[in-house]
Amino acid sequence: MGWKHRHLLGIQPLSREDIWYLLHKANFFRDSLEEKPKKEGQLNGFFMINLFFEPSTRTRISFEMAAKLLGMEVINFTTEMSSILKGENLRDTVRTLSRLKADVLVIRHSSSGVPQYLSQFLPFHIINAGDGMREHPTQALLDLLTIWRHFGRLSNLKVAIIGDILHSRVARSLTIGLQKMGSEVFFSGAPTLVPPEAEKMGGQIIYPLEKAIQGVDVIYLLRIQQERQKAGFFSSIKEYNHFFSLRKDLWEKAKGQAIIMHPGPVNRGVEVDSELVEGTGSLIEEQVTCGLAVRMAVLDTLIQEGKAGD
Amino acid sequence: MTDSILIKKGTLVLPGRKELVDADLLIREGKIVRIGRGIEDPQAYSLNASGLLVGPGLINLHVHFREPGEEKKEDLFTGARAAARGGFTTVVCMPNTCPPLDNPLFARYIVSRSAEIGLVNILPAGAITVGLKGETMTNFGLLKEEGVVALSDDGKSVGKSRLLYLAFRYANYFDLPFILHEEDENLSPAGEMHEGVTSFEMGYRGIPPAGENSRIARDLVLALYTGARVHLTHLSTDLGVDLIRWFQARIPVSADVTPHHLLLTDQQVKQFGTLAKVNPPLREEKDIQALKLGIREGVINILASDHAPHSLEDKEVDFASAPFGISNLEITLPLLVKSLVEEGVIDWISLWEKLSLNPARFLKLTDRGSLEEGKVADITIVDPDTEWEVEVNQFESKGKNCPFQGWPLRGWPVYTILGGKVVMQEGSLIS
């Protein structure tokens, strides 16, 4: 069983075996990150372009670091400095980039489906670093790696995803991934942000929040963006925090063996009490390091083995 | 006085069992403890209810008590007195005060002031939108924690459909129902009265039924797709009844009608002037007939006042400048008896059900709304036979803005018992 995909467009196209393949490799890289020097040179001479149409620091830097650890050259392209601002359309921008003969294009865009669209006509490996509200596959993979390393398994776990499910590509990718690995997903939060359709993906909506986190292994909190309040999805940060955040008292009641995860960046005191972020139950910082390892594994796999069509 | 009351020889109205039963009823420590024939309790204060109807305390989903901000029209104290005199033991006060009840602190004030006054349970409705401006949701959860029982932008309808759609879904989490005033103000700019022959004749700007009904249709569609608990208040048109009937086959929507929409038509604006200026406006005879049919069929399962007191100086102006509203809390029951029981539309049991059990169910007040052993002793006793004329100047309410002055009516409340204490006897308040 080898690797069959030319791109990483989402978790949806991956099989359970594909996910295990990436996770095993990522697990090896995660261990190697504790060694000095960390840098491995196997992708020496390959070029990666970071093409970010949405502001991002963490993901972009994580990809850049991952590429460099493998010996790659990295070019960062953000919309602030691009011809997009001069009115060039997306198709022309990326076609021009394609003539630069890079090997990997890492793309983030606010429109769902952009990576799939580009993969139809661009010659290089495309890695989806987040498209609109659809998928964020490297985030889901790093979450799976973090969970696997903590629990020693990815099946028969209960994961409660709390918050803005509606707008979250993280929630979609993670839900798909967890189900492929044989775990259960629960959703909760403000009902305006937890669409009933989410259950069609296989998760289960549970209200109130207290009940949703009872007895779970992972409490996965999503970032709540201020724009959602302005758009009328909930009334105020104060009310959101009172009813829909992981407060210390809820955590004390729910915790058992549970861990807290969050894709970052965290709004302290909004979706989670500040002191829980760095508390003993939190794996939020470990997620960041696992992210680096996962992106190394993805780059290594696509470049070394991603020859076939997707 | 002892804390026990024995109501002897009354006719008990049992809306849950759809029965009238001649029996005694014993109250002890604020609860109904026994119902049966020939109860004796020498310790108890004995109340002879021979010839009277004894039923669960009346519950009113729609009153305006004007506090804070417009205390010259009404305040919580005078409003509570009017409620007790009208036989009501629970009222829901609308949030269109100055400032509007969009803040948990105001809700807490109303709940604590209500307890202090001790004449009626005043339950606050909270605003759907901040400042009733139709722009952003209020803190539904925090409002509920301070005693808000329902949400309403009464006096207006929420214009932005998406906002209401999200509010409907958001409120589900807190199990808060909506009491909706339905009016598309786009269709009635500066409207003064029902758009029809009379408005044309008198030269008053119209408020077309289309404005009310298009909003009813929209809101019921939104409720259908969101699962919100929705109650349409002060229904006034024939099409409104049909719309609700259609939706009731699909979702549990409820509705109420006020006494004035059952007794007066737009033509009576000529006679009563600004005293008959009310929103929704008085409609036409065909609307009254449709409303009565809806009441008989149970499509309209609740009756309410929309008690809207104003000072006379506010009403004694030209028609366009006058505020909307009728003060009717003390005569709501006799007016409904006249329009519904005496007209043979429904019987006493059904009338009482729409004034106690059904609103209690809507508000999920499980310990109220019926006469059963163990329930809170909120009880209203009514004299069904004696006729009295409406005397507006004797209203406890500050609002004397009432077109029913001098009307001879039957079905007056003669005792109001709140939590086992007599608060009104023979029209007089006991403090």
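Residues numbered from 1 in each chain as written. Chains lettered and ligands numbered in written order. Predicted model: local features only at pLDDT ≥ 70, side-chain atom pairs only at ≥ 80, totals over all residues. Heavy atoms only, no water.

1. What to know about the sheet that holds strand β3 (residues 104–109) of chain A
Two strands in a sheet stick together by hydrogen bonds in their backbones, pointing the same way (parallel) or opposite ways (antiparallel).
Residues and elements named next belong to chain A.
Logical step 1: The four strands lie next to each other as β2-β1-β3-β4, forming an open sheet whose pairing is parallel. In the strand order of this sheet, the two ends are held by β2 (73–78) and β4 (125–131), each with one partner. Strand-to-strand twist in this sheet, taken as the mean axis angle between neighbours without regard to direction, amounts to 15°.
Logical step 2: In this structure, β3 lies alongside β4, joined through five bridges in parallel fashion. In the strand pairing of β4, Val104 is matched with His125.
Logical step 3: Packing against the sheet, helix α3 (residues 90–98) makes contact with β1 (47–52), β2 and β3, and its axis sits at approximately 165° to β1. (Pairing = 2+ DSSP bridges. Helix = DSSP H or I, 4+ residues; strand = E, 2+ residues; numbered from the N terminus. Axes fitted to C-alpha atoms, helices over the stretch in contact; angles between N-to-C directions. Contact = heavy atoms within 4.5 Å.)

2. What to know about a nonpolar patch on the surface
Residue and element names in this part refer to chain B.
Logical step 1: On the surface, a nonpolar cluster with roughly 290 Å² of combined accessible area is contributed by Val221, Leu224 and Tyr225.
Logical step 2: As for its position among the elements, Val221 is in helix α6 (residues 209–226).
Logical step 3: Val221 sits in the partly exposed class, given a relative accessible area of 35%. (Patch = residues over 30% accessible without salt bridge, like charges linked within 9 Å, V, L, I, M, F, W, Y side chains within 5 Å. Areas by Shrake-Rupley, 256 points an atom, 1.4 Å probe, with all protein chains shown as cover. Salt bridge = Lys/Arg side-chain N within 4 Å of Asp/Glu carboxyl O. Buried < 20%, exposed > 50% of the residue type's maximum accessible area, 1.4 Å probe, protein only.)

3. Structural notes on the pairing of strand β3 (residues 31–36) of chain B
Logical step 1: Strand direction decides the pairing type here: strand β2 (residues 19–28) of chain B and β3(B), joined by five bridges, are antiparallel. Looking at β3(B), one finds that Asp24(B) is bridged to Gly36(B).

4. Section: the confidence of the model for chain B
Logical step 1: Residues with a pLDDT of 70 or more make up 100% of chain B, whose mean pLDDT is 97.
Logical step 2: Predicted complex, confidence summary: ipTM 0.88, pTM 0.93. (pLDDT = per-residue confidence, 0-100.)

5. Concerning helix α7 (residues 238–248) of chain B
Residues and elements named next belong to chain B.
Logical step 1: All of the buried residues along α7 are Gly240, Val241, Leu243, Ile244 and Phe247. Looking down the long axis of α7, one finds its buried residues gathered within 165° of arc, a one-sided arrangement.
Logical step 2: Elements in contact with the buried residues of α7: α6, β13 (230–232), β14 (254–257) and α10 (285–297).
Logical step 3: Put simply, Thr237 is the residue that caps the front of α7, since its side-chain oxygen is 3.0 Å from the backbone nitrogen of Gly240. (Arc of directions from axis to C-beta. Polar contact = N/O pair within 3.5 Å; in protein donor to acceptor, adjacent residues only side chain to side chain.)

6. Examining empty space enclosed by the protein
All names here are of chain B.
Logical step 1: Across all of its chains, the model carries four cavities of 30 Å³ or more by this definition.
Logical step 2: The calculated volume of the largest cavity comes to roughly 50 Å³.
Logical step 3: Glu182, Glu183, Ile207, Glu212 and Arg283 are, among the 13 residues lining the largest cavity, the residues nearest its centre.
Logical step 4: Here the residues of the lining of the largest cavity sort into three nonpolar, five polar and five charged.
Logical step 5: In this structure, the second largest cavity spans a volume of roughly 50 Å³.
Logical step 6: What lines the second largest cavity is Ile128, Asp153, Lys156, Ser157, Val158, Leu164, Leu180, His181, Glu182, Arg218 and Asp219. (1 Å grid on protein atoms, 1.4 Å probe; cavity = no way out; pocket = protein on both sides within 12 Å on 5 of 7 lines; lining within 4 Å. Points joined across faces, edges and corners; volume = space filled by probe spheres on them. Nonpolar A, V, L, I, M, F, W, Y, C, P; charged D, E, K, R; others polar.)

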